[in-house]
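# Coordinate analysis (summary)
Each chain, letter by letter, is given below.
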Amino acid sequence: MALSVASFSTAAVSGTAPKGPTISWSTGDIIVVVGIIADGSGNPATPTATGLTFSASTAATTDSAGGDTSVHFWTATAAASGSSVAVSVSLSGSTEQYGVWAWVITGSPSG
């Protein structure tokens, strides 16, 4: 079976309140979470979700006319299935808008 996106979910917020999408997954699925901060000055916490442990963030910053935008990536591999679980990401150091997206990748690489 080739890799495929089993589900995708998104959530956006202005301010520092924890926010994130709700996802479901099967054992062995890979969960990818992406957080984007409008002004690039904030520090997102590692996502939390019952039953998942996320890796440390990999970040990239882009320079735009209105300021920097930072993009952060985390991954987790599901040890057991989960259903309708909220992924939460909090932000410190900024009150700008930020968004959180989650992809559930299922299957195994082919080739």
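Note that the coordinates shown come from a computational prediction; the quantities given were computed from them, not determined experimentally.

### Focus: the side chain of His 72
With respect to the element layout, His 72 can be found in strand S6 (residues 67-77). Residues within four places of His 72 in sequence aside, it is in contact with Val 33, Val 34, Gly 35, Ile 37, Pro 44, Ser 57, Thr 58 and Ala 59.

### Quick look at unusual backbone geometry
Even without being glycine, Ser 84 reaches a positive phi, approximately 50°. Along the chain, the position of Ser 84 falls in strand S7 (residues 82-86).

### Some remarks on the environment of Ser 24
Relative to the helices and strands, Ser 24 is located in strand S2 (residues 22-25). Sequence-wise, Ser 24 and Val 104 are 80 residues apart; in three dimensions their C-alpha atoms are separated by 7.8 Å. At 2.8 Å, the side chain of Ser 24 and the backbone nitrogen of Ser 84 are in polar contact.

### Observations regarding the nonpolar core
With 19 residues, the main nonpolar core has Ile 23, Trp 25, Ile 31, Val 33, Ala 49, Leu 52 and Phe 54 as its most contacted residues. Broken down by secondary-structure element, the contributors of at least two residues to this core are S2, strand S3 (30-37), S6 and strand S9 (97-106). Considering every element that reaches this core, the biggest residue donor is S9, with four residues. The contact partners of Ile 31, leaving out residues within four places of it in the chain, are Ile 23, Trp 25, Leu 52, Phe 54, Trp 74, Thr 75, Ala 76, Ala 78, Trp 103 and Val 104.

Conventions adopted
For every chain, the first residue of the written sequence is number 1, and numbering continues from 1 onward in sequence order. Per-residue local features of the predicted model are confined to residues with pLDDT of at least 70, and side-chain atom pairs are confined, for both listing and counting, to 80 or more; whole-chain, interface and lining totals are unaffected and use all residues. Note that water and hydrogens are dropped before the side-chain values are worked out from all heavy atoms of the structure. Each helix is a run of H or I in the DSSP string that is no shorter than four residues. Each strand is a run of E no shorter than two, and both are numbered from the N terminus. When checking whether two residues touch, look at their non-hydrogen atoms; a contact exists if any pair is within 4.5 Å. Polar contacts, as used here, are pairs of N or O atoms within 3.5 Å; protein pairs need one atom able to donate a hydrogen and one able to accept it. Residues neighboring in sequence count only if both atoms are side-chain atoms. Here, the term nonpolar core denotes a set of buried Ala, Val, Leu, Ile, Met, Phe, Trp, Tyr and Cys residues that are joined through side-chain atoms within 4.5 Å. Between buried and exposed lies partly exposed: a residue is buried under 20% and exposed over 50% of the maximum accessible area for its type, with that area taken using a 1.4 Å probe on protein chains only.

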